[in-house]
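Now for the letters of each chain:
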Amino acid sequence: MKETVVVKFGGSSLADAKQFKKVADIINENPNRRFVVASAPGKRFVEDIKVTDMLYECYELAADGQEFDDKFQKIKDRYNGIISDLGITDFTLDEEFDIIKGAFSHMAGRDYAASRGEYLNSMVLAKYMGFDFIDAAKYIFFDDAGKFDWDKTKEKLEPKLAKTKKAVVPGFYGSMPNGTIKTFSRGGSDVTGSIVARAAKAKIYENWTDVSGILICDPRIVNNPAPISTLTYAELRELAYMGFNVLHEDAVFPVRAAGIPINIKNTNCPQDRGTFIVSETAEPCEHIITGIAGKKGMSVINIEKDKMNGEIGFGRNVLRALEKSNVSFEHMPSGVDTMSVVIQTDNLTGKETAILDEIRSRVHPDDLYIESNLALIAVVGRGMKSARGTAAILFKALADERVNVKMIDQGSSELNIIIGVADEDFEIAMRAIYNAFINVTK
Ligand code: ASP
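Each value, and the rule that gives it
- Residues numbered from 1 in each chain as written.
- Predicted model: local features only at pLDDT ≥ 70, side-chain atom pairs only at ≥ 80, totals over all residues.
- Heavy atoms only, no water.
- Near = heavy atom within 4 Å.
- Polar contact = N/O pair within 3.5 Å; in protein donor to acceptor, adjacent residues only side chain to side chain.
- Areas by Shrake-Rupley, 256 points an atom, 1.4 Å probe, with all protein chains shown as cover.
- Nonpolar A, V, L, I, M, F, W, Y, C, P; charged D, E, K, R; others polar.
- Pairing = 2+ DSSP bridges.
- Helix = DSSP H or I, 4+ residues; strand = E, 2+ residues; numbered from the N terminus.
- Contact = heavy atoms within 4.5 Å.
- Axes fitted to C-alpha atoms, helices over the stretch in contact; angles between N-to-C directions.
- Salt bridge = Lys/Arg side-chain N within 4 Å of Asp/Glu carboxyl O.
- Buried < 20%, exposed > 50% of the residue type's maximum accessible area, 1.4 Å probe, protein only.
- Expected span 1.5 Å × (residues − 1).
- 1 Å grid on protein atoms, 1.4 Å probe; cavity = no way out; pocket = protein on both sides within 12 Å on 5 of 7 lines; lining within 4 Å.
- Points joined across faces, edges and corners; volume = space filled by probe spheres on them.
- Phe/Tyr/Trp six-rings, centres within 6.5 Å; stacked < 30°, edge-to-face > 60°.

(A) Structural detail: the site of the ligand. Surveying the vicinity of the ligand reveals the residues Ser39, Lys50, Thr52, Glu118, Phe172, Arg186, Gly187, Gly188 and Ser189. Within the contact set of the ligand, an oxygen atom lies 3.0 Å away from a backbone nitrogen or oxygen of Ser189. Summarising the interface, the protein chains cover 93% of the accessible area of the ligand, which totals 260 Å² for the free molecule. Per-class residue counts for the shell around the ligand are one nonpolar, five polar and three charged.

(B) Representation of the sheet that holds strand S8 (residues 230–232) in the model. Spatially, eight strands are ordered S3-S4-S2-S1-S7-S9-S10-S8 in an open sheet, and the strand pairing comes out mixed. Each edge of the open sheet carries a strand with a single partner, namely strand S3 (132–133) and S8. Relative to strand S4 (residues 167–170), strand S2 (residues 33–38) runs parallel, the two sharing four bridges. Paired with Ala38 across the strands is Pro170, a residue of S4. Each of S2, S3 and S4 is contacted by helix H5 (residues 110–129), which is oriented at about 170 degrees to S4, the strand it contacts most.

(C) Representation of the pattern of salt bridges within the structure. Counted under the stated rule, the structure contains 23 salt bridges. Across the pair Asp48 and Arg78 runs a salt bridge, and its minimum N-O distance is 3.5 Å. Placement of Asp48 in the loop between S2 and helix H2 (51–63) and of Arg78 in helix H3 (residues 69–85) is noted, with a sequence separation of 30 residues between them. With a relative accessible area of 9%, Asp48 lands in the buried category. The closest approach of N and O atoms between Asp69 and Lys101, which form a salt bridge, is 2.8 Å. Pair noted here: Asp69 is in helix H3 and Lys101 is in helix H4 (residues 94–105), with a separation of 32 residues, a long-range link. When its relative accessible area of 37% is taken as the criterion, Asp69 is described as partly exposed. Three or more residues are tied together by salt bridges with common partners; here these are Glu29, Arg33 and Glu206.

(D) Examining helix H1 (residues 17–29) more closely. Taking 1.5 Å per residue, 13 residues should reach 18 Å; H1 reaches 18 Å between its end C-alpha atoms and fits that length. Looking only at H1, the buried set comprises Ala17, Gln19, Phe20, Val23, Ala24, Ile26 and Ile27.

(E) Broad picture of the side chain of Arg382. Within the secondary structure layout, Arg382 lies in the loop between strand S13 (367–380) and helix H13 (390–400). At 3.4 Å, the side chain of Arg382 and the backbone oxygen of Thr230 are in polar contact. Not counting residues within four places of it along the chain, the set of residues in contact with Arg382 comprises Thr230, Leu231, Thr232, Glu235, Thr281, Glu283, Cys285, Thr290 and Leu415.

(F) How the structure looks around the environment of Leu236. The residue Leu236 is located in helix H8 (residues 233–241) in this model. Residues Leu236 and Gly381, spaced 145 residues apart in sequence, show a C-alpha to C-alpha distance of 9.7 Å. The residues contacting Leu236, other than those within four sequence positions of it, are Ile214, Leu231, Leu247, Val252 and Ile277.

(G) Expanded view of empty space enclosed by the protein. This structure, assessed with the given rule, holds two cavities of 30 Å³ or more. Looking at the largest cavity, its volume works out to about 120 Å³. Grouping the constituent residues of the lining of the largest cavity by class yields seven nonpolar, four polar and three charged. Taken as a whole, the second largest cavity holds about 40 Å³ of empty space. Considering the residues around the second largest cavity, the lining is formed by Leu236, Arg237, Ala240, Leu247, His248, Glu249 and Val252. Among the elements that line the lining of the second largest cavity, the one with the most residues is H8, at three residues.

(H) Region of interest: the packing of aromatic side chains. Applying the stated criterion across every chain yields a total of 10 aromatic pairs. Ring geometry for Phe9 against Trp208: centres 5.9 Å apart, planes inclined by 20 degrees, an arrangement best described as stacked. In this pair, Phe9 sits in strand S1 (residues 5–9) while Trp208 sits in strand S7 (residues 204–209), placing the two residues 199 residues apart along the sequence. For Phe9, a relative accessible area of 0% puts it in the buried group. We classify Trp208 as buried; its relative accessible area is 1%. Between Phe148 and Phe184, the aromatic rings sit 6.2 Å apart at their centres with planes inclined by 55 degrees, giving tilted as the arrangement. Taken as a pair, Phe148 in the loop between S3 and helix H6 (150–162) and Phe184 in the loop between strand S6 (181–183) and helix H7 (189–199) lie far apart in primary sequence, 36 residues in all. Exposure remark for Phe148: the relative accessible area of 25% places this residue in the partly exposed category.

Here it is in structure tokens:
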């Protein structure tokens, strides 16, 4: 069915019976919302614990041979509370609880344990909605290397969805070739939603969460930032890499391959438009830039040598030194006689001497040193391509705030400009950029 809408609800949207009712209203409002991907119950209040975390803790105890009855009882209480508050009387998860408890005692695996959060929640939601329950273990597959296997998944999931009217599919997990359960990384129900949308050939993938879309900038840094109404997959990739975490980063790929748009929506304010993520858009950008993201905690290895540009294999030798210490790099801006390699400080810690020694012996630099406490900021926007003076606005804004720019890197796609500033200038720089491009009238 061409009009099919796949909806994914995050943990906060399914944290208790009150939230379940909102979810049911949203699903019922549009009969094309045929396939629902559910997360495990999330936090009901700030200090609350997500069911997924309770399951990990509980399994840890079990695997350690310790008593886990009390912890397990708390998990049962969460589900039983939802079931009774929804007024469901002809349904119980007792048998499932017994199976899971037995499996914990028999070391069924950490991933199996974590996956039970979405498994049980989806059973409850399916019962409440009167939808079928489709166990992801039978339709979503990983290969021997633990990578998601689209070909095998497509073969099983596509025909299953084609003959199902309405169903709930648990997010977050699938099966390995040997039949054991494997989960995606944390937040992976987003990925399941995207896979189901692709297999259902959906018109749109709605990802329901607790914010009304993606904001232009981190609200902990800029006060009340405006939401992004539309952005492209490519822009999202750039922003996600720099720390935007509204959506799991792997969730983009399945729908992107099929050209299905994602709409990020708010379960608590369903009337809000939210953010649309699309392959391409003819929609003019509201601002020259779409979003600003950044991260602290980077280090730079600076290498200087006269005439390095004429030395064949110079770059390869530097990167070899990193490879030897099993360190990956983020960026590599270079000058005529200088080359800088930007690395996450966490990855570098403890390996500095080995790497510097290796670089020294391989390329004999004139100067070689590490600078730490660097923050990277990405200014991202498809509108930059056609606008003149973006860099001028950006650097003037930073200069006005007396922020020293230590590094500049512009991707050739003209989709982003990445700058490096000192960690302590990070927030000032982010606000200056936001004000220069978005709050222009201020
Ligand atoms: N429940 C899992 C987690 O907490 C997966 C998800 O919610 O997407 O990470």
